[in-house]
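Observations on the three-dimensional arrangement
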Amino acid sequence: MSSQPTASTAGPAANLAAAHTPESLRTLFPVAGQPLPEAAHAFAPIEQRTCLIDGRLEEWPGEMQQVFSPIGEIDGTGGTGGFTPRLLGRCPILDEAAALRAVDAADRAWADGMGAWPTMGVAERIRHVEDFARRMAARRTEVVRIMMWEICKSWQDASGEFDRTMEYLRDTIDALKDLDRASSRFVIEKGIYAQIRRAPLGPVLCMGPYNYPLNETFCTLMPALIMGNPVIVKTPRLGRLLYSPLMEAFRDAFPAGVVNILHGDRRIVKPIMASGRINVLAFIGSSTAADALRLAHPHPHRLRCVLGLDAKNAGIVLDCADMDLTVAEALQGSFSFNGQRCTALKMLFVHEKRLEEFLARMDEGIRKLRIGMPWDEGVRITPLPVPGKSAYLDDLVRDAAAHGGRVANSGGGTHAETLYHPTVVCPATPQMRVYHEEQFGPVIPVIPFTDIETPVRYVVGSQYGQQLSIFGNDPDDVARLIDPMVNQVCRVNINSQCQRGPDTFPFTGRKDSAEGTLSVSDALRCFSIRTLVAAKGSDANKELLTSILRDRRSNFLSNDFIL
Ligand code: G3H
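So, here is what we can say about the structure in this document. (Residues numbered from 1 in each chain as written. Predicted model: local features only at pLDDT ≥ 70, side-chain atom pairs only at ≥ 80, totals over all residues. Heavy atoms only, no water.)

On to the site of the ligand. In the vicinity of the ligand, the contacting residues are Arg164, Asn211, Tyr212, Glu216, Arg341, Cys342, Thr343, Gln499, Arg500 and Phe507. One of the side-chain nitrogen or oxygen atoms of glutamate 216 is found 2.8 Å away from an oxygen atom of the ligand. Cysteine 342 has a polar backbone atom sitting 2.6 Å from an oxygen atom of the ligand. Contact with the protein chains covers 96% of the free accessible surface of the ligand, which is 310 Å². The cavity where the ligand resides is the second largest pocket. (Near = heavy atom within 4 Å. Polar contact = N/O pair within 3.5 Å; in protein donor to acceptor, adjacent residues only side chain to side chain. Areas by Shrake-Rupley, 256 points an atom, 1.4 Å probe, with all protein chains shown as cover. 1 Å grid on protein atoms, 1.4 Å probe; cavity = no way out; pocket = protein on both sides within 12 Å on 5 of 7 lines; lining within 4 Å. Sits in = over half its atoms within 2 Å of the grid points.)

Below is the structure:
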């Protein structure tokens with residue numbers, strides 16, 4: 001426990017709940033010895049002893065990792081007493097030899113591009129993915145409840161993540177059908193007859209982040225698979241057990257070696273990359289980790305990287321902003337899932353003329369955000385899963401305070417165990433760590449400005465380039481920012497928080513924020529390459545091509561139309 005770094009100066013409004021204290025935050029955790037509510041969907045610890053390698057659930061006899069929830073029990077009522085995190089289960093920490101068995105398996109499934117999976121017809125691959133989708137849908141409740149306990153996404157948001165993933169799967173199938181239909185005809189150009197299709201690239205290493213452990217893993221895994229690539233998934237560092245209910249579905253829906261699922265840490269991913277047998281790295285996480293993985297590959301020019309990396313998206317609140325809408329979006333953008341989204345608003349530039357109004361409204365809004373356990377109805381702020389995160393955020397706030405920033409909302413800076421109260425720091429300056437570091441938590445720095453060049457210089461000078469939000473209603477002021485800003489980031493949001501969705505929109509970033517573009521259709525392109533079969537239009541060639549097509553002798557050279 002620690003006290004607030006600086007006292008709030010925002011005045012309390014009479015009709016709002018009193019700000020939290022560390023003691024009151026502690027009372028939000030379950031109490032030892034008392035039954036959990038039914039909504040907690042509690043479960044007995046899961047002993048996940050297997051990994052999926054070469055179509056078999058291999059028993060792992062070695063080192064195991066204990067998986068704890070960020071939710072713990074408090075001994076004694078009234079928020080006093082010790083805090084014991086709940087043990088959720090155990091899962092393997094594989095070694096290099098196991099990792100290389102998965103590489104061998106993926107390599108066999110690829111078979112230099114001649115394996116059954118990479119040469120299979122699109123319609124048949126789609127049938128495998130549809131079979132998997134049916135099996136996955138049947139495990140929804142288990143996946144959602146484990147996700148809720150592992151990373152403390154609220155029940156509603158964890159359910160949303162599952163459903164969004166299922167929808168992404170269905171949309172991916174539809175997008176591939178469209179792509180295949182468009183490629184099922186010949187192109188005739190300058191007397192040359194050609195059929196142009198997208199072909200797979202080879203074994204893919206797929207790693208998703210802890211904040212979207214299911215969805216952002218599947219957003220690369222499924223397009224990679226359906227395009228004919230064998231895949232090795234290394235489960236996220238947090239959000240591993242939620243894969244347990246899906247292991248059999250993966251085993252049963254796909255041929256051996258096509259999907260391999262490994263639990264472990266850098267001790268397995270480095271050797272996988274160093275083997276030189278991975279052709280695509282699909283990674284969502286920090287740029288430091290991505291760089292280390294890329295550099296471990298002996299032939300980096302052969303490696304395609306699809307990366308979603310760091311971001312520090314700014315919101316610019318102009319003096320012409322609609323404050324109701326701006327504050328609602330700023331609260332969502334800064335604090336949904338506790339600010340643990342790569343697209344979260346992580347810097348807010350607010351025009352001096354509207355600053356006091358903005359801070360007061362943010363304070364009011366934050367006090368309406370329910371803090372609690374992820375099963376609590378309407379909860380918005382939940383325990384943070386990364387070990388030591390509260391202490392890190394506290395350091396950021398203290399550092400800001402030491403450089404002249406104040407906590408500008410009631411209860412800001414308060415924390416207890418894994419719960420951290422949403423915090424607004426103002427004024428933030430370049431001397432502060434929070435100005436530069438991606439906080440990935442519920443602390444938002446506010447920078448007052450009078451000259452629009454202040455936020456513009458920040459965005460231009462930033463090493464990141466994912467998205468930006470502009471809040472304002474004056475068409476001249478907003479338009480003046482749009483043209484220069486679209487060349488700094490990859491999505492400019494008007495009067496709205498930053499976000500990835502809808503998933504059919506291109507999602508990417510400039511500078512250190514991303515490599516490759518993800519969306520339902522873009523992802524299919526990321527995991528494939530255009531290949532064509534071409535022949536001069538001589539009578540003999542036409543007869544040859546017709547015979548191949550008529551007798552369906554090739555999966556690639558085919559004018560079958562998927563209905
Ligand atoms: O964490 C990064 C995610 O891509 C953000 O996605 O905007 O849908 O929450 P979202």
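Still more ground to cover, so stick around.
We now examine the sheet that holds strand S6 (residues 187-189). Spatially, three strands are ordered S6-S7-S27 in an open sheet, and the strand pairing comes out antiparallel. Among the strands making up the open sheet, the edge pair consists of S6 and strand S27 (528-536). Between one strand axis and the next, the sheet turns through 35° on average, direction left out of account. With nine bridges connecting them, strand S7 (residues 192-200) and S27 associate as antiparallel partners. (Pairing = 2+ DSSP bridges. Helix = DSSP H or I, 4+ residues; strand = E, 2+ residues; numbered from the N terminus. Axes fitted to C-alpha atoms, helices over the stretch in contact; angles between N-to-C directions.)

At a closest axis distance of 9 Å, the pairing of helix H4 (residues 122-137) and helix H7 (residues 215-226) adopts a crossing angle of 145°. Residues Arg125, Ile126, Val129, Phe132 and Met136 of H4 form the contact with H7, whose own contacting residues are Phe218, Met222, Leu225 and Ile226. Tallied by class, the residues present in the contact of H4 with H7 amount to eight nonpolar, no polar and one charged. (Contact = heavy atoms within 4.5 Å. Nonpolar A, V, L, I, M, F, W, Y, C, P; charged D, E, K, R; others polar.)

What follows deals with helix H11 (residues 323-335). Over its 13 residues, H11 runs 17 Å from end to end, which matches the ideal 18 Å to within 8%, given 1.5 Å per residue. Listing the buried residues of H11 in full gives Met323, Thr326, Val327, Ala330, Leu331, Gly333, Ser334 and Phe335. N-capping of H11 is provided by aspartate 322, with a side-chain oxygen placed 3.0 Å from the backbone N of aspartate 324. Phenylalanine 337 occupies a position one or two residues after H11 and carries a positive phi of about 45°. (Expected span 1.5 Å × (residues − 1). Buried < 20%, exposed > 50% of the residue type's maximum accessible area, 1.4 Å probe, protein only.)

Taken as a whole, this structure holds 34 salt bridges when the rule is applied. One salt bridge in this structure joins aspartate 54 and arginine 108, with 2.9 Å as the shortest N-O distance. Taken together, the positions of aspartate 54 in the loop between strand S2 (50-53) and strand S3 (56-59) and arginine 108 in helix H2 (residues 96-110) put the pair 54 residues apart, joining distant regions of the chain. Note on aspartate 54: relative accessible area 29%, which makes it partly exposed. Judged by its relative accessible area of 51%, arginine 108 is exposed. Within this structure, Asp131, Arg135, Arg251 and Asp252 form a network of salt bridges that share partners. (Salt bridge = Lys/Arg side-chain N within 4 Å of Asp/Glu carboxyl O.)

All told, the structure shown has eleven aromatic pairs when counted by the stated rule. Seen from their ring centres, phenylalanine 218 and phenylalanine 250 are 5.9 Å apart, and the 50° between their planes marks the pair as tilted. Separated by 32 residues along the polypeptide, phenylalanine 218 in helix H7 and phenylalanine 250 in helix H8 (residues 247-253) bring together distant segments of the chain. Here phenylalanine 218 matches phenylalanine 250 in class, with each residue buried. Following the ring pairs from residue to residue traces out a cluster consisting of Trp117, Phe132, Phe218, Tyr243, Phe250 and Phe254. Above the ring of tyrosine 212, the side-chain terminus of lysine 153 is found at 3.8 Å from the ring centroid. (Phe/Tyr/Trp six-rings, centres within 6.5 Å; stacked < 30°, edge-to-face > 60°. Lys NZ or Arg CZ within 6 Å of the ring centre and 35° of its normal.)

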